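Each chain, written out:
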Amino acid sequence: MGKHKQQGVAVVTVLWTTLIIGGLLAVVGINVVRQLSANKNNQVRNEMVSLADSISEQARMSLYDNLKTSNKTPITFLNDLRSKVNAGTYDSTQIALGGGIKGAWTVKRVSEPTAEYGWVDIHATVKRGNDKQTVVRRISLGQSNVFRLAMLTETVNCMFCHFQVNGDVGTYQKFRPGWGNDASGGVSASGTGSGATSNIKGSVYSAAATLADSSNLTGSPKDINGTKVYGNVETNYKGDMLPKDKNGVPAFPPIKRSVAMANATGSIKTTGDGTGRILALPFGTNYTSLNNNKVSSIDKVYNGNVVLVGTPTDPIVLDQDIYVTGDVIIKGVVKGRGGIYAGRNLYLAGNLVAANPADLPNKGVCAGISDKTACAKKNIAAGKDEVRAAARGNIIVGDYTRFNGTNTRTPDDRQAHEFMESQFNFSGKKYFSRTTGEEVMCDNTDSNCKDIEGNPVSNGDRFIETGARQTDLQDGYSMAMRPGVVNGATAKFTSWMTDTQYANEMLTYENDTNRSWRTEFKTGTDSATTAAQKAELIAAGVPSATATTISNLLATKKNGSGNVSNVDGVTGYYDVSGGTVRFMRDTTRSYKKQVTKVDAFLYANQRIGGVILNKPAEINGGMIAREIGVLAAGLQKEWWMNNSRYDSLKNLTTCRNIAANSEDCAMTLNYDHRLQAGGYGFNMVGGQVGQTAQWQLSGNTADDVAVN
């Protein structure tokens, strides 16, 4: 078996893994050596075999070069190749070897879309006089190990606080579940053990050399800052589970625009009763209502922004991949097999539910099958829905809004914006390209900048914004996280959908009980500020008397907590600590709907962020992004709720009625094993590209290639 190396850079979720540059990688077995004329000696036989193998190796490299320069994903490349082979229009390549020897090669078979991995059979024949020899080489165009991960990220932000993962996790930076920091430089650690409510039923692969200070890797399960890991824990990892840059260094793989557009060969459509919506808004067109800018389908590449709303009787139907150059807002029921790629951001404005989801082991098409991979193959064969949602920028789970009209939202209604602004450091510097308007990444010196594909960006080709301004849209948070367009030349942001439209018409509202929120207030402030704070508290659903108590604590810089027992018809609990106010309201109030179910694999160049308040949630697929920060504590009694009536919040029956595949009333990430078993989802990544999977000498004349 020959030696091989890897070069891993992803494109549209396509990771190129290099092939061997010489020799055979793997020999499955030599079946037959063609019987030459009886008077031919072994030397001649060996020469014919060597020449046929040499031609098949040239063919392998030719196919790889064609794939690489085509900007197509392996799955798209295979689809095109399969069409030609099946139609008999794929020509042979003739080669003159000299000395009266000629050769030829062609592709005779291509894997079906449901094969466990993509492959191509190359047949190469040499001829000298009446003697022939044929080599059949199968090369792999299949998946990479990276999509065997349920979760991949450079940085984990406030995850693994009551978070359940059924699958493997990969990280590039130090893995520390929970919140806070390790002890360093004589500074005491904060949040030690704060990942204690989380579990990883799989392995952890970390490119960093160390883990959290609070770790115990002996026994089973292993412990990383409280989070239980039931598989292996590997640090300083350099294997195939983590993608690498061209120098072989573990590095996050970006979505590339050129490849995304080259592989957008599919479509989305609605074919039901008209209750679903596909809105196509060219750049410069603002959203006005769900009844305007309607289309029945979008093919391949759409230049603008798109809103997708599927219903049970009129789902969004996917057929392979589409690429939207701007933003995508999506929710509801989706059917089919394919991917939706956003050139900027993708917003999950509600549950994203597969009409025909994969069955679990021992259920449906997997009856009697307990093995997850074998079950995945059954689901693939049954044509179950497979959805991929990807963004060159960010994926927002649920809410992002800051404003209600021109006013800042009330504390109970602005949790998502406050959380993400803090977790993703939007109060600090954010950088954007003057050429493209896209967010770029710079080091701590404001230099050495790169775009989201890893290309250098000069200091003159970027401007700096922060998220500190709360009164308008011209800040880093708006430019990165809100639906809109950044004009790099003018350094201005223009929205195409307002916060109010997104909240009222995309997320929508519902009455709910047992909702908590938190926000930061000033302490020791003047009477005018105190009065304004009290008004904010009342607007957030806090009874007037309790709002007075809380504002007095803030004014005197004191901490405190207490029950709210049917005051002005409100029952709840409050906690004030260091200017942070937390409030739990037991009684009914109208709130934005929360995302509790996502049947899709999520992939973002920058961030996957969001908030899921007081609800269990399930993501059935996977999550890949440079930064992942979703605040989702689930439905449970929090540490600050010092009242026994909250002991019963965690009710598994209630939680499973909301999110059937969630665990422990928490946000649960369930890995979709179809990604490693040959499902359509594997076109997110092409791995082992060009490697020899099988090699044989053929004695069957039907395998020969006509040599001219």
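Going along each chain's sequence as written, the residues are numbered from 1 onward. The predicted nature of this model means local features are confined to residues of pLDDT at least 70 and side-chain atom pairs, given and counted, to a pLDDT of 80 or more, with totals for whole chains, interfaces and linings taken over all residues. Based on all heavy atoms of the structure, the side-chain values leave hydrogens and waters out of the count.

**A short note on the overall build of the protein**
As a reminder, the rule being used: Only runs of H or I of at least four residues qualify as helices and only runs of E of at least two qualify as strands under DSSP, and these elements are numbered from the N terminus. Both definitions apply: the radius of gyration is a C-alpha atom measure, and the globule rule equals 2.2 Å times residues to the power 0.38. When accessible area is computed with a 1.4 Å probe and restricted to protein chains, residues below 20% of their type maximum are described as buried, those above 50% as exposed, and intermediate ones as partly exposed. Whether two residues are in contact is decided by their heavy atoms: any pair within 4.5 Å suffices. Surface accessibility follows the Shrake-Rupley procedure with a 1.4 Å probe radius. Residue values consider only the protein chains on display as shielding. Positive residues here are Lys and Arg, negative ones are Asp and Glu, while His and the chain termini are left out of the count. Just so you know, the charge point we use is NZ for Lys, CZ for Arg, CG for Asp and CD for Glu.
Of the regular secondary structure elements, the protein holds 10 helices and 43 strands. Taking 27 Å as the expected radius of gyration for a compact globule of 708 residues, we find that the protein reaches 29 Å, a close match to that expectation. Projecting the C-alpha coordinates of the protein onto the three principal axes gives extents of approximately 110 × 60 × 55 Å. A buried classification covers 56% of the 708 residues belonging to the protein. Within the protein, counting contacts between residues at least 6 apart in sequence, those at least 24 apart form 65% of the total. Summed over its atoms, the accessible surface of the protein is roughly 27,600 Å², and 47% of this surface lies on carbon and sulfur atoms. If the 75 positive side-chain charges of the protein are averaged to one point and the 63 negative ones to another, these points end up 3 Å apart.

**Side note on the nonpolar core**
We apply this condition: Within this scheme, the nonpolar core is defined by two criteria: the residues are buried Ala, Val, Leu, Ile, Met, Phe, Trp, Tyr or Cys, and they are joined through side-chain atoms within 4.5 Å.
Membership of the largest hydrophobic core comes to 77 residues, with the highest contact counts inside it found for Leu346, Ile608 and Met667. Top element by residues in this core is strand S41 (residues 617–631). It accounts for 7 residues. Residue contacts for leucine 346: discarding those within four places in its chain leaves Val328, Ile330, Ile340, Ala389, Ala390, Ala391, Asn394, Ile395 and Ile396.

**Structural notes on the pattern of salt bridges**
Put simply, the test is: Definition used for salt bridges: Asp or Glu carboxyl oxygen within 4 Å of a side-chain nitrogen of Lys or Arg.
By the definition in use, this model includes 39 salt bridges. A salt bridge links aspartate 182 to lysine 174, with the shortest nitrogen-to-oxygen separation between them at 2.9 Å. Assessed through its relative accessible area of 14%, aspartate 182 is described here as buried. The exposure class of lysine 174 is partly exposed, given its relative accessible area of 39%. The closest approach of N and O atoms between aspartate 586 and arginine 645, which form a salt bridge, is 2.7 Å. One end of the pair, aspartate 586, is in the loop between strand S37 (580–585) and strand S38 (589–592); the other, arginine 645, is in the loop between S41 and helix H10 (652–658), with 59 residues separating them in the sequence. The exposure class assigned to arginine 645 is partly exposed, which follows from its relative accessible area of 31%.

**Some details on the packing of aromatic side chains**
Put simply, the test is: Any two rings among Phe, Tyr and Trp, with Trp reduced to its six-membered ring, count as a pair given centres within 6.5 Å; such a pair is stacked if its planes are under 30 degrees apart, edge-to-face if over 60, and tilted if neither.
Scanning all chains against the criterion turns up 10 aromatic pairs. When the ring of tyrosine 400 is compared with that of tyrosine 502, the centres are 4.7 Å apart and the planes differ by 50°; the resulting orientation is tilted. Remark: tyrosine 502 occurs in helix H7 (residues 499–507) and tyrosine 400 occurs in the loop between strand S23 (394–397) and strand S24 (403–404); sequence separation between them is 102 residues. On the basis of relative accessible area, tyrosine 400 is assigned to the buried category, the value being 0%.

**Some words on the sheet that holds strand S27 (residues 439–440)**
Strand pairs in the sheet, formed through backbone hydrogen bonds, run parallel or antiparallel to each other. The test is simple: Note on pairing: DSSP must find at least two bridges between two strands before they are called paired.
Overall, antiparallel pairing links the 3 strands, which are arranged S27-S26-S30 in an open sheet. The open sheet has two free edges, formed respectively by S27 and strand S30 (462–466), since each of these has just one partner strand. Two elements, strand S26 (residues 429–433) and S27, share 2 bridges in a ladder whose sense is antiparallel. By the bridge assignment for S27, tyrosine 431 is matched with valine 440.

**Looking at helix H2 (residues 74–87)**
Applied cut-off: The length a helix should cover is 1.5 Å for every residue beyond the first.
With 14 residues, H2 should cover 20 Å at 1.5 Å per step; its first-to-last C-alpha distance of 20 Å lies within 8% of that length. The positive-phi residue at the C-terminal boundary of H2 is glycine 88, with phi of around 75°.

**Notes on the packing of helix H8 (residues 527–539) against helix H9 (residues 544–555)**
Geometry of a packed helix pair, given as the angle between the helix axes and the separation of the axes. Condition: Fitted lines through C-alpha atoms serve as axes, helices being fitted only where they are in contact, and the angles separating the N-to-C directions of these axes extend from 0 to 180 degrees. Oblique is the label for every angle not falling under 35 degrees (roughly parallel), over 145 degrees (roughly antiparallel), or within 65 to 115 degrees (roughly perpendicular). Crossing handedness is defined as follows: a turn of the near helix away from the far one that is anticlockwise and smaller than a right angle gives a left-handed crossing, while the clockwise case is right-handed.
Closest axis-to-axis distance for the H8/H9 pair is 9 Å, and the angle between their directions is 140°. When the axes of H8 and H9 are compared, the pair comes out oblique. The hand of the H8/H9 crossing is right-handed. Touching Thr530, Gln533, Lys534, Leu537 and Ile538 of H8 are Ser544, Ala547, Thr548, Ile550, Ser551, Leu554 and Ala555, all from H9.

**Comments concerning the sheet that holds strand S2 (residues 101–110)**
Within the open sheet, the 5 strands sit side by side as S1-S2-S3-S4-S43. Their pairing is antiparallel. At either margin of the open sheet sits one strand with a lone partner, and together these are strand S1 (93–98) and strand S43 (692–698). Neighbour-to-neighbour, the strand axes of this sheet turn through a mean angle of 20°, independent of strand direction. Its contacts with the sheet place H2 against S2 and strand S3 (119–128), and it is angled at close to 110° to S2.

**Comments concerning unusual backbone geometry**
Glycine aside, a negative phi is what most residues show, and trans is what most peptide bonds show. Here the residue pair serine 220 and proline 221 is connected by a cis peptide bond, since its omega of 0° sits within 30 degrees of zero. Relative to the helices and strands, proline 221 is located in the loop between strand S10 (215–216) and strand S11 (222–224). Even without being a glycine, asparagine 293 presents a positive backbone phi close to 65°. Within the element layout of this structure, asparagine 293 appears in the loop between strand S15 (277–282) and strand S16 (297–299).

**Looking at the state of the cysteines**
We apply this condition: In this description, a disulfide is simply a cysteine sulfur pair whose atoms lie within 2.5 Å.
This structure, assessed with the given rule, holds 3 disulfides. Note that cysteine 366 is cross-linked by a disulfide to cysteine 375, the S-S spacing being 2.1 Å. Because the torsion about its S-S bond is 90°, the bridge between cysteine 366 and cysteine 375 counts as right-handed. Classification of cysteine 375 by relative accessible area gives buried; the value is 2%. Between cysteine 655 and cysteine 665 runs a disulfide, and the two sulfur atoms are separated by 2.1 Å. Negative torsions about the S-S bond denote left-handed disulfides, and the value of about 110° found for cysteine 655 with cysteine 665 makes this one right-handed.

**A few points about the side chain of arginine 344**
Put simply, the rule reads: Polar contacts here mean pairs of N or O atoms no more than 3.5 Å apart (in protein, one a potential hydrogen donor and the other a potential acceptor; neighbouring residues in sequence count only if both atoms are side-chain atoms).
Within the element layout of this structure, arginine 344 appears in the loop between strand S20 (328–342) and strand S21 (346–354). Of the residues examined, arginine 344 reaches a relative accessible area of 14% and is grouped as buried. One polar contact links arginine 344 to aspartate 327, side chain to side chain, over a distance of 3.0 Å. Looking at arginine 344, its side chain comes within polar contact range of the main-chain oxygen of glycine 484, at 3.3 Å.

**Here's the deal with the environment of tyrosine 591**
Structurally, tyrosine 591 can be placed in strand S38. The exposure class assigned to tyrosine 591 is buried, which follows from its relative accessible area of 5%. What tyrosine 591 contacts, discounting residues up to four positions off in sequence, is Asp412, Thr508, Tyr509, Glu510, Asp512, Arg515 and Arg585.

**Things to note about the environment of serine 370**
Within the secondary structure, serine 370 is located in the loop between S21 and helix H4 (372–381). Accessibility expressed as a relative area gives 57% for serine 370, which makes it exposed. Once residues within four sequence positions are removed from consideration, serine 370 is found in contact with Pro361 and Asn362.

**Considering the environment of glycine 437**
Within the secondary structure layout, glycine 437 lies in the loop between S26 and S27. The class of glycine 437 is buried, set by a relative accessible area of 7%. Residues glycine 437 and aspartate 461, spaced 24 residues apart in sequence, show a C-alpha to C-alpha distance of 9.9 Å. Residues in contact with glycine 437, not counting those within four places in the same chain, are Phe432, Val486 and Gly488.

So yeah, pure geometry; function would need other evidence.
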